[in-house]
Each structure stands twice: as structure tokens, then as C-alpha cells.
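Descriptive analysis of the structure
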Amino acid sequence: MNQWSARWYGFAKKKSHFALWSTFIKWIVLGSVVGILSGTASAFFLKSLDYVTDVRLEHPWLLYLLPLAGVLVSFIYKRYGKNSAKGNNLILEQIQDGSETIPLRMAPLVLFGTLVTHLFGGSAGREGTAVQMGGSLAEWFGKLIKISPLDRKILLMCGISGGFGSIFGTPLAGTLFGLEVVTIGLISQQALLPCFVASFVGDLVTTRLWGVHHTHYVVNEFPALSLSIILKVVLASVIFGLVSMLFSELTHFLKKTFTAMISNPMLKGLVGGLIIIALVFVVGSRDYLGLGIPLIKDSFEGDVSPFAFLWKLIFTAFTLGTGFQGGEVTPLFAIGATLGNVLAGILHVYGPFLAALGFIAVFCGATSTPIACFLMGIELFGSEGAIYMFIACVVSYLFSGHSSIYTSQLIGVSKSQFISIPQGTRISSVKKRK
């Protein structure tokens, strides 16, 4: 190498490292801001959610106002929501080259709608609220600093990761969830650092700055690795995947059916509230209202009803299918944990062990995010059962088929070489082709 070549090589090398450092610092700063915004929003939401849940439990008569709550939430979304009503799907579409704007009003609207749903007894989750708040705040921040279209996509993924990681106290799962959920089978490594920073900072802000404490579940032991245990885990995971598919398909079916039958969204919310009240009387229990955290605790600490998973699935599908606001993930945790508890008795394995696998595997099947769910299992239950968690997530991911709670997810890679689906096809389009 001559003198001029050596100088040029040295200059280019320094320039490339400068570019790398610039990118590193840029996303540390931007990801941190999104993490602070989403973490603060999640902290306020979690504290508010605890409050309204306590109020509902202290005043059981509030359930009878659920139909009016459905009317109120539907009216507000019809009057002020506009494209906010698309929820998480709107955020996914914008990351996938969408041309719509994510309005800042999405955050207060979904916050209010979810709190009202839980105050009066609807069965819903919290992840959808956190992701929508994180996405709308990330969009607002991006407009404020006038970022490029490419950076906007990454910032929206940060909003998803920041919201998810902070709402569940799982920063690693939050990171991968923001990367995996956009396109099934493909991960954007370009957004890996930004999403991690947003999720990590969001969790720190929620827990350390605002003092929010997350619920912990204990698995005291994992069985020794053996062929019989692996076969039992695989069998249970197939069932987890099928149940997650049932939840997704039933929820979408109810949304489509009620919208076709009842064009007025306020009336649809009214009917939905009446159905939930009727279900309470049919079952003779209020255990399936709200998030379902007591059901999850019972799954790890004792026994649950053999059909608890099915009732929680039905309550949640009708709540969300008739226009109430909230996420699906925590109810999916409850469905998976209770199902795992029941299967543990049938398969003769330790109950909390299979409840933990169901916890992450049903969620995995309903979102097609196996790596995020695997990491969530490690963050929540420890690494001792990592092999079993990985098996559960992979098998559930496969047997849930091309279904998802998010109809705007893209399919990057088909789950089977025998199922031909063009790359970039949306879940909603797959459903139409069936």
C-alpha cells in the first residue's frame, strides 16, 4: 500500500467510525426520550388501573353500568377518535410504509377508554394501551424534531418497545417485541439499539422514578430434562398454539359480526355490556372480569377451574369484539396460565411449571413473536427452564398458524413451505383468502 492509499484508508476508517458513533449517540438520545415518555405514561396508566380496579371490587354494582360505559367509550371514539380507532394496527401500518398520521389524541383516548372498561368490569388487558400511548407519543416527538421518514419508522418501533417493556417490567422482551411484531418472520436489526434503549429506559422510569411495582410469579422448580418431559411440553405447546389461534379468530369474528349486525357503535357497546353481564350470571362468577391477574396467581399457587381458560377467552373476546378498549396480552397470560395449570394435572407435571409455559406460549401464538416471548419467560421466571420455554414458544408459534390478534401484521416468511403466502401479505388478507 503506497503513502496516498494509506492516508485515504486511514481517513475513511476514521470517517466510518465517526458515523457509527454519531448513530450510536443519536439513538441513545432519541430512544431515551421515547423511553421517558412511554415509561411515564405507563406508570400513570398502571397506577390509575390499580385504582379503578380497586373501586370496581369495592363496588360490585358498577358492573351493571357496563352497557352505559360501552356507549360512552364508543361515542367518544366516534366523535373524536377518527383513525385512532384502528389502535395498534395503525401503528404497525405506519411502520410498514403507511401514509397516515398517528394523532397525539390516541394516547388520552385509549387511556380513558381502557380505564372505563376496567372500572365497570370489562375483560381486557393493558398492553394495547401502553403500545398505543408509546406510539402516539413517539410520533409527536418525531414531528417535534422533524425526523426523516426512515427514522420515523424506527421511532415508532421504539414507542412499541418502550410501552411494552415498561408496562410489564420486561425490557428485553419489550425490545424484541417492537422488532418482531411488525413483520412475522423478519427482524429489523437496524432498530435493535433504539428499541432496547427505549424499552430499558421506559422500564427504569416506570419502576425507579415513579415507583411502580410489577406482579411477580414464582416457579419453584423446573423438571430435569428428559424425553418424557419434552414430549409432554411439546403436546401442551401444540394445545397452547391452537388456543391462541382460537382466541384471535373468535375476537376478529365477533368484531366483524357485531359491526355488520349493529352499524351504530354506541348500540354495539351497549349490547356488549349486556352480554358481559349475562355471562357473569351464566358462569356464576366475576373471576373473569378485568385483567385476570387473580386467575394467574391461582394458576401458580393452587388449582383453577378446568374451564377457566375458556371462560376468560370468551369474556375477553366479547369485550373487545363489541368495541371496548384495552389490550389482549394480560388476558392471554391468564388464558395460558390457567390452561397450563389444567394440563399439568392431565400430564402429571408440576403445575406452576406448565402454567409458566402457558403464560408465554399462548401470548406467543397470538402475536407470532417467539423470541420476545422466550425472553419474557426468562425475565419473569428465570433461566433454569430456558429450554422448555424455547420449545413452548417455537411450537406454539408454529401451530397458531397465520393468525394474530393484530390484523395489520405482515407475513415476511410463511410458517410452512407447504403454505404459499406472498411476502408482505397482511394477516387480514390471509383471512380473506381462506
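For the structure itself, look to the data block above.
Everything numeric here is computed off the predicted structure, so don't read it as measured data.

About the thresholds
- Residues numbered from 1 in each chain as written.
- Predicted model: local features only at pLDDT ≥ 70, side-chain atom pairs only at ≥ 80, totals over all residues.
- Heavy atoms only, no water.
- Helix = DSSP H or I, 4+ residues; strand = E, 2+ residues; numbered from the N terminus.
- Rg over C-alpha atoms; globule rule 2.2 N^0.38 Å.
- Buried < 20%, exposed > 50% of the residue type's maximum accessible area, 1.4 Å probe, protein only.
- Contact = heavy atoms within 4.5 Å.
- Salt bridge = Lys/Arg side-chain N within 4 Å of Asp/Glu carboxyl O.
- Polar contact = N/O pair within 3.5 Å; in protein donor to acceptor, adjacent residues only side chain to side chain.
- Core = buried A, V, L, I, M, F, W, Y, C linked by side-chain atoms within 4.5 Å.
- Phe/Tyr/Trp six-rings, centres within 6.5 Å; stacked < 30°, edge-to-face > 60°.
- Pairing = 2+ DSSP bridges.
- Expected span 1.5 Å × (residues − 1).
- Axes fitted to C-alpha atoms, helices over the stretch in contact; angles between N-to-C directions.
- Parallel < 35°, antiparallel > 145°, perpendicular 65-115°, else oblique.
- Left-handed = near helix turned anticlockwise from the far one by under 90°.

1. Quick notes on the overall build of the protein chain
- Counting its regular elements, the protein chain contains 17 helices and three strands.
- For 434 residues, the compact-globule estimate of 2.2 N^0.38 gives 22 Å, and the C-alpha radius of gyration of the protein chain, at 22 Å, lies within 12% of that figure.
- With respect to the three principal axes, the spread of C-alpha positions in the protein chain is 85 × 60 × 50 Å.
- Within the protein chain, buried positions represent 58% of all 434 residues.
- For the protein chain, the share of sequence-separated contacts (at least 6 apart) that also reach a separation of at least 24 residues comes to 75%.

2. Here we look at the pattern of salt bridges
- A full pass over the atoms with the stated rule returns five salt bridges.
- The salt bridge partner of Lys 26 is Asp 151, with a shortest N-O separation of 2.6 Å. Here Lys 26, found in helix 1 (residues 3-58), pairs with Asp 151, found in helix 6 (residues 149-168); they are 125 residues apart in sequence, far enough to count as distant.
- The partly exposed category is assigned to Lys 26, whose relative accessible area is 32%.
- What makes Asp 151 buried here is its relative accessible area of 12%.
- For Lys 86, the salt bridge identified is with Glu 100, shortest N-O distance 2.9 Å. Pair noted here: Lys 86 is in the loop between helix 2 (66-81) and helix 3 (88-95) and Glu 100 is in the loop between helix 3 and helix 4 (106-119), with a separation of 14 residues, a long-range link.
- The exposure class of Lys 86 is partly exposed, given its relative accessible area of 32%.

3. Observations regarding the environment of Asn 83
- Relative to the helices and strands, Asn 83 resides in the loop between helix 2 and helix 3.
- Overall, the relative accessible area of 17% leaves Asn 83 in the buried class.
- When the C-alpha positions of Asn 83 and Ser 429 are compared, they lie 20 Å apart, and in sequence the two are 346 residues distant.
- Residue contacts for Asn 83: discarding those within four places in its chain leaves Leu 90, Glu 100, Thr 101, Pro 103 and Arg 105.
- Separated by 3.3 Å, the side chains of Asn 83 and Glu 100 make a polar contact.

4. So, the nonpolar core
- One finds Phe 300, Leu 354, Phe 359 and Phe 381 to be the most contacted residues of the largest nonpolar core, which totals 133 residues.
- Of all the elements, helix 14 (residues 351-367) adds the most residues to this core, at twelve residues.
- Excluding residues that lie within four positions of it along the chain, Phe 359 makes contacts with Tyr 217, Ile 296, Phe 300, Phe 333, Gly 336, Ala 337, Met 376, Leu 380 and Phe 381.

5. Quick notes on the packing of aromatic side chains
- Per the counting criterion, the structure on display carries 18 aromatic pairs.
- Ring centres 5.3 Å apart and planes at 20 degrees place the aromatic pair Tyr 217 and Phe 300 in the stacked group. On the criterion of sequence distance, the pair formed by Tyr 217 in the loop between helix 8 (192-209) and helix 9 (227-261) and Phe 300 in helix 11 (residues 293-301) is long-range, its members being 83 residues apart.
- Overall, Phe 300 belongs to the buried group, its relative accessible area being 8%.

6. Quick word on the sheet that holds strand 1 (residues 183-184)
- Spatially, the three strands line up as an open sheet ordered 1-2-3, and their pairing is mixed. The strands lining the two open edges of the sheet, one partner per strand, are strand 1 and strand 3 (425-426).
- Note: strand 1 against strand 2 (residues 410-411), two bridges, orientation parallel. By the bridge assignment for strand 2, Thr 183 is matched with Leu 410.

7. Focus on helix 10 (residues 265-283)
- The first and last C-alpha atoms of helix 10 sit 27 Å apart over 19 residues, in line with the 27 Å expected at 1.5 Å per residue.
- When we look at burial in helix 10, the residues that qualify are Met 266, Lys 268, Gly 269, Gly 272, Gly 273, Ile 276, Ile 277, Leu 279 and Val 280.
- Structurally, helix 10 contributes buried residues whose contacts are with helix 2, helix 9 and helix 12 (308-321).
- The opening residue of helix 10, the one whose side-chain oxygen lies 2.8 Å from the backbone nitrogen of Met 266, is Asn 264.
- Of the residues trailing helix 10, Gly 284 is marked for its positive phi of about 75 degrees.

8. Description of the packing of helix 13 (residues 329-347) against helix 14
- At a closest axis distance of 6 Å, the pairing of helix 13 and helix 14 adopts a crossing angle of 135 degrees. With respect to their mutual orientation, helix 13 and helix 14 come out oblique. The hand of the helix 13/helix 14 crossing is right-handed. Facing helix 13, whose interface residues are Val 329, Leu 332, Phe 333, Ile 335, Gly 336, Ala 337, Gly 340, Asn 341, Leu 343, Ala 344 and Leu 347, helix 14 presents Gly 351, Leu 354, Ala 355, Gly 358, Phe 359, Val 362, Phe 363 and Ala 366.

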